[in-house]
Amino acid sequence: MAESKSANIVRAIAVVGPTGAGKTALIQALASAASGGSGAVSNAAGQSAETSFTAIDFMGDHYVLIDAPGAVDFQADADFALPAADLAIIVADPDPDKAILLQPFLKQVEDHGVPHAIFINKIDTARGRIRDLLEALQPVSATPLVARQIPIWEGEKVAGFVDLALERAFHYEQGKPSQVIDLPKDMAARESEARFHMLEQLADFDDALMEQLLSDITPDRDQVFADLVKEMHEGLIAPVFFGATAYGNGVRRLLKIAAPRYARAKPGGGAAGAQWRGRVCDEGQPCRPSGQACVLARAGRAAER
Ligand SMILES: Nc1nc2c(ncn2[C@@H]2O[C@H](COP(=O)(O)OP(=O)(O)O)[C@@H](O)[C@H]2O)c(=O)[nH]1
Ligand SMILES: [Mg+2]
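The text that follows walks through the structure, step by step, so that each part is easy to find.

Cut-offs used in this document
- Residues numbered from 1 in each chain as written.
- Chains lettered and ligands numbered in written order.
- Predicted model: local features only at pLDDT ≥ 70, side-chain atom pairs only at ≥ 80, totals over all residues.
- Helix = DSSP H or I, 4+ residues; strand = E, 2+ residues; numbered from the N terminus.
- Buried ≥ 20, exposed ≤ 12 C-beta atoms within 10 Å, placed from the backbone.
- Contact = placed C-beta atoms within 7 Å.
- Expected span 1.5 Å × (residues − 1).
- Axes fitted to C-alpha atoms, helices over the stretch in contact; angles between N-to-C directions.
- Parallel < 35°, antiparallel > 145°, perpendicular 65-115°, else oblique.
- Nonpolar A, V, L, I, M, F, W, Y, C, P; charged D, E, K, R; others polar.
- Pairing = 2+ DSSP bridges.

Here we look at the overall build of the chain
Within the chain, the secondary structure is distributed over nine helices and eleven strands. A buried classification covers 45% of the 305 residues belonging to the chain. Counting contacts in the chain only where the partners sit at least 6 residues apart, residues at least 24 apart contribute 66% of the total.

Next up, the structure:
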């Protein structure tokens, strides 16, 4: 059997957001993509009332995805799961009018100091500009929201995206990895403006990058990618991605940013990454004062199955 890169580390990813945003669908899609499937989930399992756990392996790393129910009634349960998470993915609807629904979730992850990314799901139904959604969201987020992608529109539909870190354009393929395409010519100006904005946001936490921007030096692509992931894992920024779990779009990219090699162990505070070394958490031995041991132990059992 192949030796895993981090045999004893299980990373907990909490998937949070309003009911109906597609959390359960996203978890199923992530599990499908991680096991080499299409990543497309046409019909999610319906509303769940209880926190549930899904163990996945991706590129030699182990994860447990925590499906924290979205309804306000169940937020107490989500509260138990969140402090145990190394990373939270906040699932959002593309409709800017619904941006406000994310406020309690953004607040929760920020209060618990959990690094997070935002996944705008159902991009197949998007009619408005992603920019409007981000503008509506930023005031309710204490963490800078960093758009990692911009959409490529074909008529009324988002047909793909430009990855601003990789500087590559992709066309969605149903149930398959997106295809690299040439950057549409009419998008060149918009792309470079959006990329520069992203770099400026990253440079706020990276002096070397700031120097390069000020001296007109084009930063190295790997460095930009590493900065994005590192600054996310340190809770300095919240990168924003979009996709459609129904078609498996944008799902693999989320798996890639979760990789623990960029994560910083936070001794004592914030996310409970430190508790995730091996089997530190035993049931009945709370890692935290408020009884989160059961959440960690349940996640640990899911990982062992
Ligand atoms: N159009 C579209 N519908 C989706 C997508 N992802 C999920 N859905 C649908 O949205 C509904 C809610 O999904 P679900 O995962 O149960 O949401 P949850 O309450 O956040 O767990 C279901 O009917 C899904 O089929 C998507 O990418 N596009
Ligand atoms: Mg659900």
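Comments concerning helix 7 (residues 221-233)
The periodicity of an α-helix, 3.6 residues per turn, causes residues three or four places apart in sequence to face the same way. Here helix 7 contains 13 residues, and its C-alpha end-to-end distance of 19 Å stays within 8% of the 18 Å for a straight helix at 1.5 Å per residue. Of all the residues in helix 7, the buried ones are Val224, Asp227, Leu228, Val229, Glu231, Met232 and His233. Just downstream of helix 7 lies Gly235, where phi reads positive at about 75 degrees.

Looking at the packing of helix 5 (residues 188-203) against helix 6 (residues 207-214)
In contact at an axis separation of 8 Å, helix 5 and helix 6 are set at 140 degrees when each is read in the N-to-C sense. Considered as vectors, helix 5 and helix 6 are oriented oblique to each other. Here helix 5 contributes Leu199, Glu200, Leu202 and Ala203 to the contact with helix 6, which in turn contributes Leu209, Met210 and Leu213. Looking at the contact of helix 5 with helix 6 residue by residue, the classes come out as six nonpolar, no polar and one charged.

Brief notes about the pairing of strand 11 (residues 238-242)
The side chains of a regular strand alternate between the sheet's two faces. Burial within strand 11 is extensive, with five of its five residues counted as buried. Neither face of strand 11 is open: one carries Ala238, Val240 and Phe242, the other Pro239 and Phe241, and all of them are buried. Judged from the three bridges that link them, strand 5 (residues 116-120) and strand 11 form a sheet pairing that is parallel. By the bridge assignment for strand 11, Ile118 is matched with Val240.

Some words on the sheet that holds strand 8 (residues 157-163)
Pairing in this open sheet of four strands is antiparallel, and the strands run 7-8-9-10 from one edge to the other. Only two strands of the sheet have a single neighbouring strand rather than two, namely strand 7 (149-154) and strand 10 (176-181). Along the sheet, successive strands turn relative to each other by an average axial angle of 35 degrees, direction set aside. Across six bridges, strand 7 lies against strand 8 in antiparallel orientation. Bridged to Pro151 within strand 8 is Phe161.

Some thoughts on unusual backbone geometry
The phi dihedral of Lys122 is positive, around 60 degrees, even though this residue is not glycine. Of note, Lys122 is situated in the loop between strand 5 and helix 4 (130-137).

Observations concerning the sheet that holds strand 5
Taking strand neighbours across the sheet as the criterion, the seven strands line up as 2-3-1-4-5-11-6 in an open arrangement whose pairing is mixed. Of all the strands in the sheet, just strand 2 (52-58) and strand 6 (145-147) have a single pairing partner and so form its edges. Each strand axis lies, on average, 25 degrees off the axis of its neighbour in the sheet, ignoring direction. As defined by bridge partners, strand 6 adjoins strand 11 across three bridges and the pair is classed as parallel. When the bridges of strand 11 are listed, Ala147 appears paired with Val240.

Considering the environment of Gln108
Among the structural elements, Gln108 can be located in helix 3 (residues 103-111). Given 21 C-beta atoms within 10 Å, Gln108 falls into the buried group.

Thoughts on the environment of Asp220
Relative to the helices and strands, Asp220 resides in the loop between helix 6 and helix 7. A count of 12 C-beta atoms within 10 Å places Asp220 in the exposed class. For Asp220 and Ala165, which are 55 residues apart along the polypeptide, the C-alpha to C-alpha distance reads 9.8 Å.

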